[in-house]
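# Structural features, examined
For reference, the chains in residue letters:
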Amino acid sequence: KFFQGGQFKNKDIRLDAKVVIITGANAGIGKEAAIECAKRGARVYMGCRDPARMEKARQEILDKSGSQNVFGLELDLASFESIRNFVKTFLSMERRLHVLINNAGVMACPKAYTKEGFEMHFGTNHLGHFLLTNLLLDVLKRTAPSRIVTVSSLGHKWGRINKDDINAEKDYREWDAYMQSKLCNILFSRHLAQRLRGTGVNTYALHPGSINTELTRHLNPCLRTMAKPIFWVFFKSPKSGAQTTLYCAMEPTIASHTGLYYSDCKLKEPEPHAQDDAMAEWLWNLSERLTGLSR
């Protein structure tokens, strides 16, 4: 129980008539967050890459939440075309959006590139969510007060923005790429908060904890097998790992906070290099160009 970390204890908050998008909601903390949001009355939209897995998870979420308002839309964050199609379909179904949870991601995967040619961690964990969020900003503003919750990681502590090789074309190390992308998440959330001041749209970044989820699938098989007992005892369950996400999405006492970072349902100070506003602005401008938003 000690290793399960902080828990979101506000059981009275309802999300009736609220609309929530969760990326990567077919597994892990995304699925647990979807169950809880649906249980509290939200209309939940799952954004997932694999339609078959998404539908299987959707049925489980319906069963566990007792809700009928859970919908699945195909979303591949490694494809700008897929992201734009997701947004177009969502906006044809809904005129409101109260909470966007940028949850999906990859961790320490073999070297690979997105459809547009970006290194997979940078392209999926950062650029994909950057584009998705920007395309949904108008509806989030119309629905304000609303929230954008981005799942980062303690790994940002060791992350560095490699301006000379941000796409890892010269040198690829999977953990460096992952930690860079998690640092990008916090810098993105921080700079977005500045841009959204006065709109009623607030942003939150968080570390969910060390969790035994499918994100570990790219670890060495022998290492993963040997580490199973450690995962079982010391790592959070997906349900516990979703608690800070739920806290950032719903907790009323942080409704006036924006651009901050949380862990175990508490405000946490990120590393100094995750508070570098000049770097955050540089990353934003680069991301606008790479995603085509500045054209």
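Residues numbered from 1 in each chain as written. Predicted model: local features only at pLDDT ≥ 70, side-chain atom pairs only at ≥ 80, totals over all residues. Heavy atoms only, no water.

Per an unreviewed UniProt entry, the chain is named Short-chain dehydrogenase, and its organism is Anopheles christyi.

## A few points about the sheet that holds strand β7 (residues 260-263)
Taken together, eight strands build an open sheet; the order of strands is β3-β2-β1-β4-β5-β6-β7-β8 and the sheet is mixed. Edge positions in the sheet fall to β3 (70-74) and β8 (266-268), since each has one partner strand and no second. Each neighbouring strand pair of the sheet contributes to a mean axis angle of 25 degrees, computed without reference to strand direction. Relative to the sheet, helix α6 (residues 174-195) contacts β4 (99-102), β5 (146-151), β6 (201-207) and β7, its axis offset from that of β6 by approximately 160 degrees. (Pairing = 2+ DSSP bridges. Helix = DSSP H or I, 4+ residues; strand = E, 2+ residues; numbered from the N terminus. Axes fitted to C-alpha atoms, helices over the stretch in contact; angles between N-to-C directions. Contact = heavy atoms within 4.5 Å.)

## Quick notes on the packing of aromatic side chains
By the definition in use, this model includes 10 aromatic pairs. Aromatic pair Y45 and F90: ring centres 5.1 Å apart, planes at 90 degrees, arrangement edge-to-face. Taken together, the positions of Y45 in strand β2 (residues 43-48) and F90 in helix α3 (residues 80-93) put the pair 45 residues apart, joining distant regions of the chain. Exposure class is identical for Y45 and F90. Each is buried. One aromatic cluster is present, built from ring pairs that chain together F8, Y204, Y247 and Y262. (Phe/Tyr/Trp six-rings, centres within 6.5 Å; stacked < 30°, edge-to-face > 60°. Buried < 20%, exposed > 50% of the residue type's maximum accessible area, 1.4 Å probe, protein only.)

## Remarks on the packing of helix α4 (residues 120-135) against α6
At a closest axis distance of 7 Å, the pairing of α4 and α6 adopts a crossing angle of 20 degrees. One way to sum up the angle between α4 and α6 is to call them roughly parallel. Where α4 approaches α6, its residues H121, F122, N125, H126, H129, F130 and T133 are matched on the opposing element by E174, A177, Y178, Q180, S181, K182, C184, N185, F188 and L192. (Parallel < 35°, antiparallel > 145°, perpendicular 65-115°, else oblique.)

## With respect to the pattern of salt bridges
What the rule picks out here adds up to nine salt bridges. Here R14 and D16 are joined by a salt bridge, their closest N and O atoms 2.9 Å apart. With a relative accessible area of 45%, R14 lands in the partly exposed category. Its relative accessible area of 43% is what places D16 among the partly exposed residues. Where K115 meets E81, a salt bridge forms, and the shortest distance between an N and an O atom there is 2.7 Å. (Salt bridge = Lys/Arg side-chain N within 4 Å of Asp/Glu carboxyl O.)

## As for the side chain of K182
For K182, the position within the fold is in helix α6. Among buried charged residues, K182 stands out as having no salt bridge; its nearest opposite-charge side chain is E119, 11 Å away. In this structure, K182 is in contact with N125, V151, S152, S153 and H156, ignoring residues within four places of it in sequence. (Lys, Arg positive; Asp, Glu negative; His and termini not counted.)

## Points about the nonpolar core
Among the nonpolar cores identified, the biggest contains 43 residues, and L97, L132 and L136 are the most heavily contacted of them. If you list the elements that add at least two residues to this core, you get β1 (19-23), α3, α4, α5 (137-142), α6, β6 and α10 (277-291). For this core, the element with the most residues is α6, which contributes six residues. With residues near it in sequence (within four places) discarded, L132 still touches T23, L75, L77, I83, F86, V87, L100 and N102. Residues L15, A34, L206 and I254 belong to the second largest nonpolar core, which totals 36 residues. (Core = buried A, V, L, I, M, F, W, Y, C linked by side-chain atoms within 4.5 Å.)

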